[in-house]
Amino acid sequence: MTMMWPPAPQPALLHVGIYLHDLSGGGVERCRLRLIPELQRRRVRVTLLLHARTGELAERVPDGVEVISLGRIRTPTRTWADAAPLARWLRSARPDLLLSSLDHNNIAALLAALLARSRVPVVICQHNALSSEAATTGWRYRIVPLAYRLLQRRAAGIVAVSHGVADDLAQACAIPAERVTVIHNPILDASFERARLAGCDHPWFAPGGEPGSHQPPVFVAVGRLVEQKDPATLLAAFALRRRHGPARLAFLGAGPLAAALQSQAAALDVAADVAFLGYQANPLPFIRQAAALVLSSRYEGLGNVLIEALGCGTPVISTDCPFGPAEILRHGRHGCLVPVGDAAALAQAMRRDLRAEFPAAGLRARAAEFTVERCADAYLRLFRSLTPSKAEPKTYESRGYRQ
């Protein structure tokens, strides 16, 4: 009898370090955790480097990923103090490439490469509208464009999550446009359908309920309760919408504006029809059953939650803010776009029959262009262009997708 042995595991083709501040429940952290298994399937060994292994997603690290905590002192901000331990790791581990995300983490990664005198290529990724952040937040963000200008030569690759962010980054930091690669975030993966069909324990969202079937209609907003998301304007718009018939609004997210928003809801006499549900590990069942998802942001990098809503077949209403919503919605072909800060326009959009106007099949087809497979393909193409000495994978077959 012939003995059949399982094939030996193939060695990794690339060793990539992925650097984040922590594993909080934000869009950047979720996207990186979705991307890692796809990179592993393409024979990329991943080491996850964190300032601290904390946050809602701390226990969702994929199998086979080494996690290294760099920070010695817990700090509330993204600290450049990670540069020194990150430099030591670059010297000792000698990975093929380092991928960083978010403003201050990107600066720390570039400083680490400078301190280590390392030839390891560093790829930085910009997820948000840098000029808007610099103009509306504190000094820590206002110095980011200057730091990017001074350190950009240390970046082997620069990624933006949307074409608008790419243009903004080039203008704000004097970076040649041809140096910036646009790679959309990975939103749909193998677990998306299962997560979409899960139940949610709230009386406004019956388990297994049909999309948009609720009486009165429920509108959903997903995101941190911070000034960038402008939830106060959405609450004012909802109060206007409620004058024309029963409706409900559910906020999924936590943040420093929660108490002020609850007071505003009471002052507008809509508190009974507004629910503050806090952070939800899986917002998709709420989105799936909503009459529409509403995004009232002043600025975005891409707008991941819009893609999640499209993937659920749920209509979306979004401000036409810089820079992602118009790109995702193709300037209104796949959802409503209204001016930033315009409560009346938001309220008017909330009165439309959006499920008839935007059929679910078309929304899902648009969302299918933001898969984790396409994102991983794009990153791997970039990685390979920066590490030409590595052997070409024998099992990898490019799908020829260009973002």
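Below or above, wherever it landed, is the structure these notes cover. Note that the coordinates shown come from a computational prediction; the quantities given were computed from them, not determined experimentally. (Residues numbered from 1 in each chain as written. Predicted model: local features only at pLDDT ≥ 70, side-chain atom pairs only at ≥ 80, totals over all residues. Heavy atoms only, no water.)

Attention now moves to the pattern of salt bridges. Across all of its chains, the model carries 12 salt bridges by this definition. Between Arg298 and Glu227 there is a salt bridge, with the nearest N and O atoms lying 3.3 Å from each other. Separated by 71 residues along the polypeptide, Arg298 in the loop between strand 11 (292-295) and helix 12 (304-311) and Glu227 in the loop between strand 8 (218-222) and helix 9 (231-242) bring together distant segments of the chain. When its relative accessible area of 38% is taken as the criterion, Arg298 is described as partly exposed. Taking relative accessible area as the criterion, Glu227 reaches 46% and is therefore assigned partly exposed. Look at the salt bridges and you will find they share partners, linking Glu38, Arg41, Arg42 and Asp377 into a network. (Salt bridge = Lys/Arg side-chain N within 4 Å of Asp/Glu carboxyl O. Helix = DSSP H or I, 4+ residues; strand = E, 2+ residues; numbered from the N terminus. Buried < 20%, exposed > 50% of the residue type's maximum accessible area, 1.4 Å probe, protein only.)

Here we take up the nonpolar core. In this structure, Leu48, Val220, Ile287, Ile317 and Tyr379 are the most contacted members of the largest nonpolar core, which totals 95 residues. In terms of residue count, helix 17 (residues 372-386) provides more of this core than any other element does, 7 residues in total. Residues within four places of Ile317 in sequence aside, it is in contact with Ala292, Leu293, Val294, Leu295, Cys336, Leu346, Ala349, Met350 and Leu354. Val122, Ile158, Ala160 and Leu169 belong to the second-largest nonpolar core, a separate cluster that totals 34 residues. (Core = buried A, V, L, I, M, F, W, Y, C linked by side-chain atoms within 4.5 Å. Contact = heavy atoms within 4.5 Å.)

This part takes up the environment of Arg374. Relative to the helices and strands, Arg374 is located in helix 17. Take Arg374: its relative accessible area is 29%, and that puts it in the partly exposed class. Counting along the chain gives 188 residues from Arg374 to Pro186, while the straight-line C-alpha distance between them is 7.6 Å.

So, on to the packing of helix 2 (residues 83-93) against helix 3 (residues 103-116). Here helix 2 crosses helix 3 at 55°, and the two axes come no closer than 8 Å. Here helix 2 lies oblique to helix 3, going by the angle between them. Here the hand of the crossing between helix 2 and helix 3 comes out right-handed. Only Ala108, Ala109, Leu111, Ala112, Ala113, Leu115 and Ala116 of helix 3 make contact with helix 2, whose side of the interface consists of Ala83, Ala84, Leu86, Ala87, Leu90 and Arg91. When grouped by side-chain class, the residues that make up the contact of helix 2 with helix 3 number 12 nonpolar, no polar and 1 charged. (Axes fitted to C-alpha atoms, helices over the stretch in contact; angles between N-to-C directions. Parallel < 35°, antiparallel > 145°, perpendicular 65-115°, else oblique. Left-handed = near helix turned anticlockwise from the far one by under 90°. Nonpolar A, V, L, I, M, F, W, Y, C, P; charged D, E, K, R; others polar.)

The subject of this paragraph is the sheet that holds strand 5 (residues 122-126). An order of 3-2-1-4-5-6-7 is seen for the 7 strands of this open sheet, with the pairing classed as parallel. If you trace the sheet from one side to the other, it starts and ends with strand 3 (66-69) and strand 7 (180-182), each paired once. In this sheet, neighbouring strand axes are inclined to one another by 25° on average, regardless of whether the strands run parallel or antiparallel. Here 3 bridges tie strand 6 (residues 157-160) to strand 7, and the two strands are oriented parallel to one another. Bridge pairing in strand 7 places Val159 opposite Thr181. Docked against the sheet, helix 3 engages strand 1 (14-20), strand 4 (97-101) and strand 5, running at close to 165° with respect to strand 5. On top of the sheet, helix 7 (residues 163-173) reaches strand 5, strand 6 and strand 7; it is set at about 170° to strand 7, its chief contact. (Pairing = 2+ DSSP bridges.)

On to the sheet that holds strand 8. The strand order across the open sheet built from 6 strands is 10-9-8-11-12-13, with neighbouring strands paired in parallel fashion. Strands at the two margins of the open sheet, each flanked by one partner only, are strand 10 (274-276) and strand 13 (336-338). The average undirected angle you get between the axes of adjacent strands in this sheet is 20°. Bridge count for strand 9 (residues 248-252) against strand 10 is 3 bridges, and the pairing is parallel. By the bridge assignment for strand 10, Ala250 is matched with Ala275. Sheet strands in contact with helix 14 (residues 343-350) are strand 8, strand 11, strand 12 (316-319) and strand 13, and its direction is about 165° off that of strand 13.

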